[in-house]
Amino acid sequence: MTLRLYDTATRSVRDFVPREAGKVGVYLCGLTLQAPPHIGHLRSGVNYDVLRRWLLAHGFEVRFVRNLTDIDDKILVKAQEQGRPFWSIAYANELKLAAAYRALNVLPPTYEPRATGHIPEMHELIAKLIDTGHAYPATDGSGDVYFDVCSWPAYGALSNQSPDDMQSAGDAPDRGKRDPRDFALWKGAKPEEPADAYWPSPWGRGRPGWHIECSAMCWRYLGAEFDIHGGGLDLTFPHHENELAQSQAAGLPFARYWVHHGLLNIGGAKMGKSLGNTLDLTYVDSLGVRPVELRYYYAAAHYRSAIDYSEDSLREAAVAYRRVEGFVQRAAERVGAGPLGEVPGAFAAAMDDDLNTSAALAVLHEVVRDGNTALTGGDDVTVRTALGQVRAMLDILGVDPLDPAWTGGGGAEDLRAVVDSLVALALEQRAQARSRKDWAAADAVRDQLKQAGVVVEDTPQGPRWTIGEQD
């Protein structure tokens, strides 16, 4: 089955045909670095990581570019509020974002360019737009340069709206614009803003507008035309609409597919820094939910659907993942971890159908049930096959419990060894109590371990233990 993706530009699910056979170029709009990331932001990283992994499973060579916006009105406001250089705020939040992505096993991008590193490319694009009559320098002495929306008849096509229904762009005072809907490509220096937040340009000292940054970085790393442009549904307008208009007006064919993901909401509202309703990985950890379980929570919903966050739904996802994890651990103890197998055809069909992860997970859980039945019946051949398939499916979703990203290394392995020894000592005491038929003492050991978060399960091969709830 051919991979099919929902394309926002055509508002339809389309067969995916790359520009160049065997290769895929993907650009994902990254974060604006005015604050640390929250779990709404991190959904984007996980969703497109699953897309990337599935493209790799198809045998594509993937060039994956995820940008960082490190100069922006919001960052400059934070710099003034905190009395810090804008770049120090951006870099501190960049490090936090990178740590959060590592914690969630998001593959590092092929390139992760910063906006401030691509000022010359922006200047070149802006000059092209001015030369072709699609942009103009403001005549009010501000040093601003604007895209002329009326010069581009296709403006509004991506977001499926008419320019006549649009309001002012709101990114600069209307006094310098020919039309309130025109948006800023270059913003002239302003005395009330940080003195180090500017670069020289043919139109005077200033800094880039938000939209031109991504056009320039797409062009630099993926060429005039590339395959997939991704981002949150809230970026469709104005950000992606403006990217598309200015890029094509400058002569770049730009993205062949526009793939947008749904948002993570809380209390019926979008999770956002400006609303003060953000939750981060520290909060998730305080609930006793591990990063791998949060990633499973993201993957359980179709990427285009909204997620209405609640603690209950997150905990339910964690319990569901632990059932899968328990099978993997028991099967690996029985037959060895072995190599990854082939994903079942039904799983592949679901993933090819616009990354239908919810249907794919139904296939996963069916194989887990069959594997558990085989474990109970002592059918090691079926156990081995099921384990290979389950791990292959989990690997696509980035949540294989035996992946080194989750098993840890160094200090984590040392800690596991210490815990192993302590639990083994407790289990030995329990075994001695059972051998002398002191059931009260044996149950007390089990209960004390359970209170500490260690669940003991008696199996034909002897007692085994896991961290978390018993399923």
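Residues numbered from 1 in each chain as written. Predicted model: local features only at pLDDT ≥ 70, side-chain atom pairs only at ≥ 80, totals over all residues. Heavy atoms only, no water.

For clarity, the threshold we go by: UniProt positions are given in the numbering used here, feature names are shortened, and annotations may be inferred rather than shown by experiment.
Looking at an unreviewed UniProt entry, the chain carries the name Cysteine--tRNA ligase, with the source organism given as Micromonospora thermarum. The Subunit (unreviewed entry) comment attached to the chain in UniProt states, word for word, "Monomer."

1. Remarks on helix H15 (residues 439-451)
Definition in use: A run of H or I in DSSP counts as a helix once it spans at least four residues, and a run of E counts as a strand once it spans at least two, with each numbered from the N terminus. The span one expects for a helix is its residue count, reduced by one, times 1.5 Å. Using a 1.4 Å probe on the protein chains alone, a residue whose accessible area is under 20% of its type maximum counts as buried, one over 50% counts as exposed, and one in between counts as partly exposed. Note that the arc is computed from the directions linking the helix axis to the C-beta atoms.
Between its terminal C-alpha atoms H15 stretches 18 Å, which fits the 18 Å expected from 13 residues at 1.5 Å a residue. Listed in full, the buried residues belonging to H15 are Ala442, Val445 and Leu449. Down the axis of H15, the buried set is contained in an arc of 60 degrees. They therefore lie on one face. The outward face of H15, more than 90 degrees from its buried face, is lined by the exposed residues Ala440, Gln448, Lys450 and Gln451.

2. Some remarks on the pairing of strand S4 (residues 61-66)
What counts, and what does not: For two strands to be treated as a pair, DSSP must find at least two bridges joining them. We call a crossover right-handed when, viewed with the strands running away from us, the connection from the first strand over the helix to the second turns clockwise.
Across six bridges, strand S3 (residues 23-28) lies against S4 in parallel orientation. The residue of S4 that forms the bridge with Lys23 is Glu61. You can see the chain leave S3, run along helix H1 (residues 39-57) and come back into S4, and the turn it takes is right-handed.

3. Looking at the sheet that holds strand S9 (residues 225-232)
Filter applied, for reference: Here, axes are lines fitted to C-alpha atoms. For helices the fit covers the stretch in contact, and angles between N-to-C directions go from 0 to 180 degrees.
Here we have four strands laid out as an open sheet, ordered S4-S3-S9-S10, and parallel in their pairing. Each edge of the open sheet carries a strand with a single partner, namely S4 and strand S10 (254-261). For this sheet, the mean inter-axis angle between neighbouring strands, taken without regard to orientation, is 25 degrees. By the bridge criterion, three bridges tie S3 to S9 in an arrangement that is parallel. Across the sheet, Tyr27 pairs through a bridge with His229, a residue of S9.

4. Examining the packing of H1 against helix H8 (residues 291-300)
Put simply, the test is: Here is the rule for angles: anything less than 35 degrees is roughly parallel, anything more than 145 is roughly antiparallel, 65 through 115 is roughly perpendicular, and the remaining ranges are oblique. A contact between two residues is defined here by any heavy atoms of the two lying within 4.5 Å.
Packing of H1 against H8 brings their axes to within 10 Å, and their N-to-C directions diverge by 75 degrees. When the axes of H1 and H8 are compared, the pair comes out roughly perpendicular. Between H1 and H8, the residues in contact are Ile39, Leu42, Arg43, Val46, Asn47, Asp49, Val50 and Arg53 and Leu294, Arg295 and Tyr298, respectively.

5. Structural notes on the sheet that holds strand S13 (residues 307-309)
Strand order in the open sheet formed by three strands is S12-S11-S13, with mixed pairing between adjacent strands. Two strands in the sheet have a free side with no partner beyond their single neighbour: strand S12 (269-270) and S13. Both strand S11 (residues 264-266) and S12 contribute to a ladder of two bridges, which runs antiparallel. Each bridged residue has a counterpart across the sheet, and for Asn265 the counterpart in S12 is Lys270. Strands S11 and S13 of the sheet are contacted by H8, whose axis makes an angle of about 140 degrees with S13.

6. What to know about the side chain of His123
Within the fold, His123 resides in helix H4 (residues 119-131). Given a relative accessible area of 15%, His123 falls into the buried group.

7. Concerning empty space enclosed by the protein
The cut-off we apply is this: Put simply, the grid is 1 Å and covers the protein atoms alone, a cavity is a trapped set of points that fit a 1.4 Å probe, a pocket is an open set with protein on both sides within 12 Å along at least five of seven lines, and lining residues have an atom within 4 Å of a point. Grid points are joined across faces, edges and corners, and a volume is the space filled by probe spheres set on the points.
A full pass over the atoms with the stated rule returns two cavities of 30 Å³ or more. Approximately 60 Å³ is the volume attributed to the largest cavity. Looking at the largest cavity, the residues that line it are Val46, Asn47, Val50, Tyr298, Ala299, Ala301, Tyr303, Leu355 and Thr357. Every element with two or more residues in the lining of the largest cavity is listed here: H1 and H8. Looking at which element gives the most residues to the lining of the largest cavity, the answer is H1, with three residues.

8. Let's talk about helix H5 (residues 210-222)
Because each turn of an α-helix spans 3.6 residues, side chains separated by three or four positions in sequence point in the same direction. In this model, H5 (13 residues) spans 19 Å end to end at C-alpha, consistent with the 18 Å of a helix rising 1.5 Å per residue. Of all 13 residues in H5, 10 are buried; the element is thus mostly enclosed. Among the residues of H5, His211, Ile212, Glu213, Cys214, Ser215, Ala216, Met217, Cys218, Tyr221 and Leu222 are the ones counted as buried. The positive-phi residue at the C-terminal boundary of H5 is Gly223, with phi of around 90 degrees.

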